[in-house]
Every structure is written in structure tokens, then in C-alpha cells.
Amino acid sequence: MPSRRARSAAVKETDSRTGDLATAGPVEAVEGAGVSAGMSRRRAWVGVVAAGAVLLSGAGVAASQVIKSPAQTAAEAGPPPLDVLVARVEKRVLRDTVIVRGTVTSAQSVQVTPTAAGGEGAAAPVVTKVAVRQGDAVDAGRMLLEVSGRPVFALPGALPVYRDLKPGATGDDVKQLQKALSGLGHGTGSDRTGTFGAGTKAALSSFYRSIGYDPLPAVADRGEAVRAAEDAVTSGERALEDARSAATATAAAGTAAPAGPGAAPPGPGAKGSGTARGSGQDAARTVNRAAEDLRKSRERLAEARAAAGPMLPAGEVVFLESFPARADSVAVRPGSPVSGVALSLSAGALVVRGQLQDHQRGLVRPGQKVEILSEVSGLTAAAEVLSVADAPQPAQRAAPNAGSGGGQGQGQQAPAPGGPAGYEMLVRPLAPLDTKLVGQDVRLTVEAAATDGDALVVPVSAVSAGADGRTTVTVVDGTGIQRRVEVRPGTTGDGYVEVRPTGDGILTDGDAVVTGVNPGTAKGAGKATRAPGAKGGGGS
């Protein structure tokens, strides 16, 4: 045990720390020593707890390095990431398509730009009556409008009018007119087909009367030419009659009896005999000349009568290929001056007109399948390519009141929708389209090519050609091993190509083929290895 002197020294040390025990008695000194010992024990326990926490944290870190989840274990057991991009081989029908925009229109679109013939001093033409409204159905023979008191009407026919048709005219346009009049119940009689004769004149006059108008005369002389020719014939007939009478009288005088009984007839050299023969010859010549003049006068009368009669002015008719037609727009009203397009008509089944660019022209041919899609209504319709223009056409957009390039009432085919110049493509629906689609912009998907049934297809970037001319694809398995398969390419479309393995090559649906380099892997890390014997080179 410590000596009394040692305990006294401890008490003094405690006194020096506290500063309160210097004058304390023996009991107070002992109590201060007990407090100091309790504080030391508490510090020891705090240290033990801290050390235990450190040990537990270290144990957790160690356990995390040893214990792994099943997913993590499987991931670390697999191969490293490939340094190439791959795509799956698919087995399906491959279609190469061309997509363009188009506008739904009628097979024939006509813009009517009327004119009114007027002589010197005539007032400017003005619309005096409008007989149709927008959306109306137009039948053959119906009047469309009236300009300065003259009608403009529609007749069936495919040949555009390009001239006034007058009596005596011949040609296919006359044949078209004769057919149109006959179809409306106005027969052309015995006129030859394609010849504007008396029967066609009668039929045209009958048609004009049926719509409440008189036809314009072909010769605007109020019949003076015919009357003059008739007078000339009358004069010729009288002149011929007089000449014949004179010739008869002369012949009778030349054959008169001798002067008295027993008188001898004049001899061959007598003067009276020669005079009689001369008079007879003059009379015969006069008769022949009068007959020739009469013949010519009658020919002139026939010509005058043939030229006279009704005419069909080009400005009064619009020929349409089929009926009933539709009035798409009416831009005039009574009192409007005649300037530009008065109304637009459409006829025939609805079609779609699109524009092909130069790089698309070689892919599209008549007869190819087309899908029409209206994004507005969601309607789809099957169709086919009817025709493709041989030469590019500049884009045009019909301006309001734009003329038809010559007037005369006959319209032109409506220009293509505005846009880049290209080759016009005409698409014909396999079933009639709803007339509500007229003028609507639609999407046309042309099937330019297709495989014959299901085929193995890969992205175009998966096919490579070697220096030896062989075409191959590179198949890679799940471990990264690659093998080269020689193929024969076929139909291409939408970024894919049909392939057929050749020789001993094996390629199946679902195989992974190399399409490029994977930029997401570190250079050289996880690099796929090639199968033994695989040839190098040949990228995608």
C-alpha cells in the first residue's frame, strides 16, 4: 500500500488541478479523488464504442467484396462488350417505296375564259347571266353563263375547240360537233361524217333554239351574198332564154321558101346563102355563152347558200370528256367584266396528280401499286400509276382570274400544284374516291419494287464487297466470334437489302450481322475475335 507521504502528494496534486482543494480538509480531498476516477472510466467506454464501430464498418466493406447478387454474377461471367454494331437478320417481305405528295383532282379540269366577238365600236364584253353555282352538276348541253347576250354552253367531246366552226368546214372537230348534237337529239341528216353541211346547219339551229337563242350567222351580210347570187342566176336564165329564142328565129329565117312560082333556088355561090349560115352560127354561139354564164351563176349560188347559215363560235362552247361535270368554282356574277377565268369545271373520275423529282423518275412506272392517304380524314385507298411524264414540267400555280392562254371560251387543263419542278405522275384509284377529297393534298406511297414473298433482309450497311467481287455479310455470335457469309443481294428498299446465302454459307432469321463500329467501347477493349480461318479485311 502507498505510504502516508505518497497519499499526501496525491492530494496536493489534486489540489493543484482544482484550485479549490488547497485549503480543504482531509474529507474534501478524498471526495475530489473519486470524481476524477469516474470521469476516466467514462472516457474508456467511449473509446471502446468507437473502436467497435470502425471494426463493423470494415467488416461490411469486406463482405461487399465477397458477397454478389445473381445479376451481378451473371453480368461479370458474360463476354466483354463488342467493339462493333450489329443488327438482326429479318425474314419478311421487303418493299421499296417512293413517297410523294399529290392533289386530288378530276381526270379533266377546265378553266372557262369566255370572250365576246364585237365589231368596231362594240362595248367591252360583260357577264349578263350566270346559270350555274359552285358545286352544281353540269349536264351536256347546259348553258353555263351569258356574255354580252350570247350563251356559253358545255358539249361532250375530248378535242379542245380551236376555231369557229362554219358551214362547209371539215375535220375531226366537225365530227365531234355532229356527234354531240346527235347525242342531244338534233340529227345531222345526210351530211357526211366530218363535213358541216345542210344537215349539220339544221341540227345546230335546232340546238340553239332549244336553249333559247338564235345562232350567229356564218356570213354577217344579212343574206346579201345569197340574194346577189340568186339574182345572177335569174339574169342568166333570162339571157339563155333570149339567146335560144333568137337562134330559133335565125334558123327559121334561113330556111324560108323562094319568092315566086317556078323560081329556081339560089346556087351554091349565091350571096344570100352565106349570110344565113353566118347568122345561124352567131346565134348558136350566143346560146352557148349564155348557158355557160348560167352554169357559173348557179355554182356561185350553191356556194353562197352553202356558206350561209348558222356557225358555232369557239367562244360559246366548252367541250368536256364526260358528264355530269361539276362546277368547282364560279368567279363572276352578272355585271362582271369579262377578264380572266370566269368559272372552273371538272369532269371524269377523280385522280391524283403528283410530282416526281429527277432521282425518283426512274423508280416509278405505269402499273405500279400506290397507296393514297388523306391525313385530314384518315382515308386510305388503293390505286395504280396511270402515267409518268417524259419531260419535267415547271411548277405552276393557277392565279385568280388567270387567262387560259387564248380565250375563246375553251379552258385548259388545270396546272399542277405549286412546288419544285418535276415529272407529273398521274395516279388512278382502283375504286371511286369520295368527291369531298377534291382539291385535298394527300400522301402517295408508290411500291416501286417488292420481294416475291418472305425473304432474308439485312441493313444495307451490313453488306460489303471485297476486291474479288464477292459480296458478304459478317455474322457475329454471342461470344463475339465472327464468320463471313457470302451472299447474293436482291431487292433493296427503305434502307434494307434482300440477301441469299451462296455456296455453303448459312444465314438464318435472327442472326446478328455487323453493321459498323461501336463508338461506345474503349479502343481495343472487348474486341471481338474472328473464327479460325476467317479472312481479314472487308468492312461494312
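Predicted model only: the values in this text are computed from it and were never measured.

Quick look at the overall build of the protein
Helices and strands together make up the secondary structure of the protein, namely eight helices and 20 strands. Within the span of the protein, comprising 540 residues, buried residues form 33% of the whole. Roughly 31400 Å² of accessible area belongs to the protein as shown, and the carbon and sulfur atoms make up 55% of that amount.

Digging into the packing of aromatic side chains
For the structure shown, the criterion picks out three aromatic pairs. Between Phe153 and Phe207, the ring centres sit 4.9 Å apart and the planes meet at 70°, which makes this aromatic pair edge-to-face. Remark: Phe207 occurs in helix H5 (residues 198-210) and Phe153 occurs in strand S7 (residues 150-156); sequence separation between them is 54 residues. Owing to a relative accessible area of 0%, Phe153 belongs among the buried residues under this scheme. Ring centres 5.7 Å apart and planes at 85° place the aromatic pair Phe153 and Tyr208 in the edge-to-face group. Remark: Tyr208 occurs in helix H5 and Phe153 occurs in strand S7; sequence separation between them is 55 residues. An aromatic cluster of at least three residues, connected via ring pairs, comprises Phe153, Phe207 and Tyr208. Over the ring of Tyr496 we find Arg92, and its NZ or CZ is 4.8 Å from the ring centre. Across from the ring centre of Tyr423, 5.7 Å away, lies the NZ or CZ of Arg361, which sits over that ring.

What about the confidence of the model for the protein?
Residues of the protein with pLDDT of at least 70 account for 72%, and the chain-wide mean is 80. When mean pLDDT is taken per element in the protein, helix H4 (residues 172-183) scores highest with 97 and helix H1 (residues 4-18) scores lowest with 48. Across residues 26-30, confidence stays below pLDDT 50; counting only partners more than four residues off in sequence or on other chains, it has two contacts.

Focus on the environment of Leu343
Note that Leu343 resides in strand S10 (residues 343-356). Leu343 gets classed as buried once you look at its relative accessible area, which sits at 2%. It is 7.3 Å that separates the C-alpha atoms of Leu343 and Ala327, two residues lying 16 residues apart in sequence. For Leu343, the residues in contact, after removing those within four places along its chain, are Val110, Gln111, Val112, Val132, Leu144, Leu145, Ser329 and Val330.

Rules behind the numbers
- Residue positions are given per chain, counted from 1 along the sequence in the order it is written.
- Only residues with pLDDT of at least 70 get local features here, since the model is predicted, and only at 80 or more are side-chain atom pairs given and counted; chain-wide, interface and lining totals rely on the full set of residues.
- Neither water nor hydrogens contribute to the side-chain values; these are computed over all heavy atoms in the structure.
- Only DSSP runs of H or I reaching four residues or more are called helices, and only runs of E reaching two or more are called strands; each is numbered from the N terminus.
- A 1.4 Å probe rolled over the protein chains alone gives each residue an accessible area, and that area as a share of the maximum for its type sets the label: buried under 20%, exposed over 50%, partly exposed in between.
- The protein chains shown are the only cover counted for residues, whose accessible areas, like all others here, come from Shrake-Rupley with a 1.4 Å probe.
- Any pair of Phe, Tyr and Trp rings, taking the six-membered ring for Trp, is counted once the centres come within 6.5 Å. Such a pair is stacked with planes under 30 degrees apart, edge-to-face with planes over 60 apart, and tilted for the rest.
- Each ring is checked for a lysine NZ or an arginine CZ that lies within 6 Å of its centre and within 35 degrees of its normal; such an atom marks a charge sitting over the ring.
- Confidence scores here are pLDDT values: one per residue, from the predictor, ranging 0 to 100.
- We call two residues in contact when some of their heavy atoms are within 4.5 Å.

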